[in-house]
Amino acid sequence: MGTPHIRILATGGTIAGSAGSAIGHGYRAGQVAIADMVAGAQALGIAAQLDGIDIAQVGSQDIGWPQWQPLHRHIVEALADEDIDGIIVTHGTDTAEETAMLLDITLPAGKPVVLVGAMRPADAVGSDGLRNFANAVRVAGDPAAHGRGVMLVMGDTVLAASDARKWATANIDAFRGYPRGPLGVVTPATLDWFGPADRTGNPARFAFPDRLPRVEILYAHAGMDEATVGALLRLDPAGMVLAGLGQGNAPRAVLSALAEVVASGRPVVRASRVDEGSVDRNVEVDDDAAGFIASRAYNPQKSRILLQVMLANGITDPARMQAEFDRR
Ligand code: ASP
């Protein structure tokens, strides 16, 4: 294979951030244009043809539907372009797992689509941005990256979108995979996959929707009462996700109020506010009686994206919804 041609779609984030000082603490995300990042990468001697398009220049705390629509469209165009071997999305780390999840369930598993971010701005001493970017180029240009779904490259590891979770607020090693660990390890010069691609030829799981319905996340805590459920209902959400205690639990009054939400035709997914572990059906909570869906290995923010996409695709059968949460 010759030099790979990689399309870079930039959205901003700390990888494009600037502190104005190598030792500054504060900084602003999304300051560096993608042309400058590409020039920086090419100056390293990376063996790839890179072309970049700025989709947005924001911190990922401000990313949502207005950015996801053009991002998805540009990826679909790049997937159809025979001259392009792989796609990189530069992205802030705060919501990278949500964007990765949305793309993963609405794109076919063909050419590699790789999200990459950084924890330190581009001009900080010890910035991880250019290294992560060079690693992402290595992954996106690798023929063996095909058929693995959307991936996230951070801290010399490659994670599947469905597994990637932000774990730390500031360390450069900020992401972990759950329930699977990394798919592989990468440096700008080397790439080792831990197993073969497992999604080769798979079509998109769901159609990319025209809009995403409102789904709210309810954060559970000790001493909580059902008033918060009522407050969220006034926003008229199409569904709710519980960021529950332990295995997706909540005080009895809250669970009763959520069962009424289900009875009113709005699905409720029980997830957990705990960082690791699965939320399984009918352990302490009677999901069968209340009609809840258990999030299994998905955290609340990923569960929200999956629920939104299913609702937008007209999927409301509880058994089908549960099966989609069970699926890895
Ligand atoms: N707030 C930033 C963002 O998500 C943080 C980062 O990129 O690391 O864009």
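This report concerns the structure included in the present document. Keep in mind it's a predicted model, so treat the numbers as computed, not measured. (Residues numbered from 1 in each chain as written. Predicted model: local features only at pLDDT ≥ 70, side-chain atom pairs only at ≥ 80, totals over all residues. Heavy atoms only, no water.)

## Some points on helix H8 (residues 300-312)
Residues lying three or four places apart along an α-helix face the same way, a consequence of the helix completing one turn every 3.6 residues. For H8, spanning 13 residues, the distance from its first C-alpha to its last is 18 Å, which sits close to the expected 18 Å at 1.5 Å a residue. A large share of H8 lies buried, amounting to ten of its 13 residues. Within H8, the full set of buried residues consists of Pro 300, Lys 302, Ser 303, Ile 305, Leu 306, Leu 307, Gln 308, Val 309, Met 310 and Leu 311. Two residues or fewer past H8, Gly 314 is found with a positive phi of approximately 75°. (Helix = DSSP H or I, 4+ residues; strand = E, 2+ residues; numbered from the N terminus. Expected span 1.5 Å × (residues − 1). Buried < 20%, exposed > 50% of the residue type's maximum accessible area, 1.4 Å probe, protein only.)

## Remarks on unusual backbone geometry
In this structure, Pro 179 follows Tyr 178 across a cis peptide bond, with omega equal to 5°. Turning to its location among the elements, Pro 179 is positioned in the loop between strand E8 (175-177) and strand E9 (184-186). Phi is positive for Asn 282, close to 55°, though the residue is something other than glycine. Position of Asn 282 relative to the elements: it lies in the loop between strand E13 (268-272) and helix H7 (287-290).

## Some details on the packing of H8 against helix H9 (residues 318-326)
At their nearest, the axes of H8 and H9 sit 11 Å apart, and the two run at 140° to each other. Put simply, H8 runs oblique to H9. Crossing of H8 over H9 shows right-handed handedness. Contacts between H8 and H9 involve Ser 303, Leu 306, Leu 307, Met 310 and Leu 311 from the first element and Met 321, Glu 324 and Phe 325 from the second. Its residues assigned to classes, the contact of H8 with H9 shows six nonpolar, one polar and one charged. (Axes fitted to C-alpha atoms, helices over the stretch in contact; angles between N-to-C directions. Parallel < 35°, antiparallel > 145°, perpendicular 65-115°, else oblique. Left-handed = near helix turned anticlockwise from the far one by under 90°. Contact = heavy atoms within 4.5 Å. Nonpolar A, V, L, I, M, F, W, Y, C, P; charged D, E, K, R; others polar.)

## A closer look at the site of the ligand
In the neighbourhood of the ligand, the contacting residues comprise Gly 13, Thr 14, Tyr 27, Gly 59, Ser 60, Gln 61, Gly 92, Thr 93, Asp 94 and Ala 118. Contacts to the ligand include Thr 93, whose side-chain N or O atom sits 2.5 Å from an oxygen atom. For the ligand, the accessible surface in isolation is 260 Å², of which the surrounding protein chains cover 92%. Put simply, the ligand lies in the largest pocket. (Near = heavy atom within 4 Å. Polar contact = N/O pair within 3.5 Å; in protein donor to acceptor, adjacent residues only side chain to side chain. Areas by Shrake-Rupley, 256 points an atom, 1.4 Å probe, with all protein chains shown as cover. 1 Å grid on protein atoms, 1.4 Å probe; cavity = no way out; pocket = protein on both sides within 12 Å on 5 of 7 lines; lining within 4 Å. Sits in = over half its atoms within 2 Å of the grid points.)

## Re the pairing of strand E1 (residues 5-12)
With eight of eight residues buried, E1 lies mostly within the body of the structure. Pairing analysis gives seven bridges linking E1 to strand E2 (residues 49-58), with the strands arranged parallel. Note that in E2 the partner of Arg 7 across the bridge is Asp 51. Each parallel crossover has a hand, and for E1 linked through helix H1 (residues 34-43) to E2 it is right-handed. (Pairing = 2+ DSSP bridges. Right-handed = clockwise from strand over helix to strand, strands pointing away.)

## Some details on the packing of aromatic side chains
This model, assessed by the stated rule, comprises two aromatic pairs. Ring centres 5.4 Å apart and planes at 20° place the aromatic pair Trp 65 and Phe 208 in the stacked group. Of this pair, Trp 65 sits in helix H2 (residues 65-80) while Phe 208 sits in the loop between strand E10 (191-193) and strand E11 (215-219), placing them 143 residues apart in sequence. Accessibility expressed as a relative area gives 21% for Phe 208, which makes it partly exposed. (Phe/Tyr/Trp six-rings, centres within 6.5 Å; stacked < 30°, edge-to-face > 60°.)

## What to know about the layout of surface pockets
Roughly 370 Å³ of internal volume is contained in the largest pocket. Its residues assigned to classes, the lining of the largest pocket shows eleven nonpolar, eleven polar and three charged. One number sums up the size of the second largest pocket: a volume of about 200 Å³. Lining the second largest pocket are 14 residues, with Arg 273, Asp 275, Asn 299, Pro 300 and Gln 301 sitting closest to its centre. (Points joined across faces, edges and corners; volume = space filled by probe spheres on them.)

## With respect to the side chain of Arg 165
Its location among the elements puts Arg 165 in strand E7 (residues 164-166). As a buried residue without a salt bridge, Arg 165 has its nearest oppositely charged side chain in Glu 97, at a separation of 5.5 Å. Of note is the side chain of Arg 165, whose polar atom sits 2.2 Å from the backbone oxygen of Asp 275. Ignoring anything within four residues of it in the chain, the contact list for Arg 165 reads Glu 97, Ala 174, Phe 175, Arg 176, Tyr 178, Val 274, Asp 275, Glu 276, Ala 297, Tyr 298 and Asn 299. (Lys, Arg positive; Asp, Glu negative; His and termini not counted. Salt bridge = Lys/Arg side-chain N within 4 Å of Asp/Glu carboxyl O.)

## Looking at H1
Where H1 is concerned, the buried positions are Ile 34, Met 37, Val 38 and Ala 41. Down the axis of H1, the smallest arc covering the buried residues is 100°, so these residues share one side. Structural note: H1 exposes Ala 35, Asp 36 and Ala 43 on the side pointing more than 90 degrees away from its buried face. Taken together, the buried residues of H1 touch E1, E2, strand E3 (86-90) and helix H4 (129-140). One or two positions beyond H1, positive phi appears at Gly 45, with a value near 90°. (Arc of directions from axis to C-beta.)

## Structural notes on the sheet that holds E10
By way of backbone hydrogen bonds, the strands of a sheet pair with one another, either parallel or antiparallel. The strand order E2-E1-E3-E4-E5-E6-E9-E10 describes an open sheet built from eight strands, whose pairing is mixed. With one partner strand each, in any of the chains shown, E2 and E10 form the two edges of the open sheet. Averaged over all neighbouring strand pairs, the angle between strand axes comes to 25°, with direction disregarded. Alignment of E1 against E3, held across five bridges, turns out to be parallel. Directly across from Ala 10, in E3, lies its bridge partner Thr 90. Of the strands in this sheet, E1, E2, E3, strand E4 (113-116), strand E5 (151-154), strand E6 (157-160), E9 and E10 are in contact with H4, which crosses E3 at around 155°.

These values are about where atoms sit, not about what they do.
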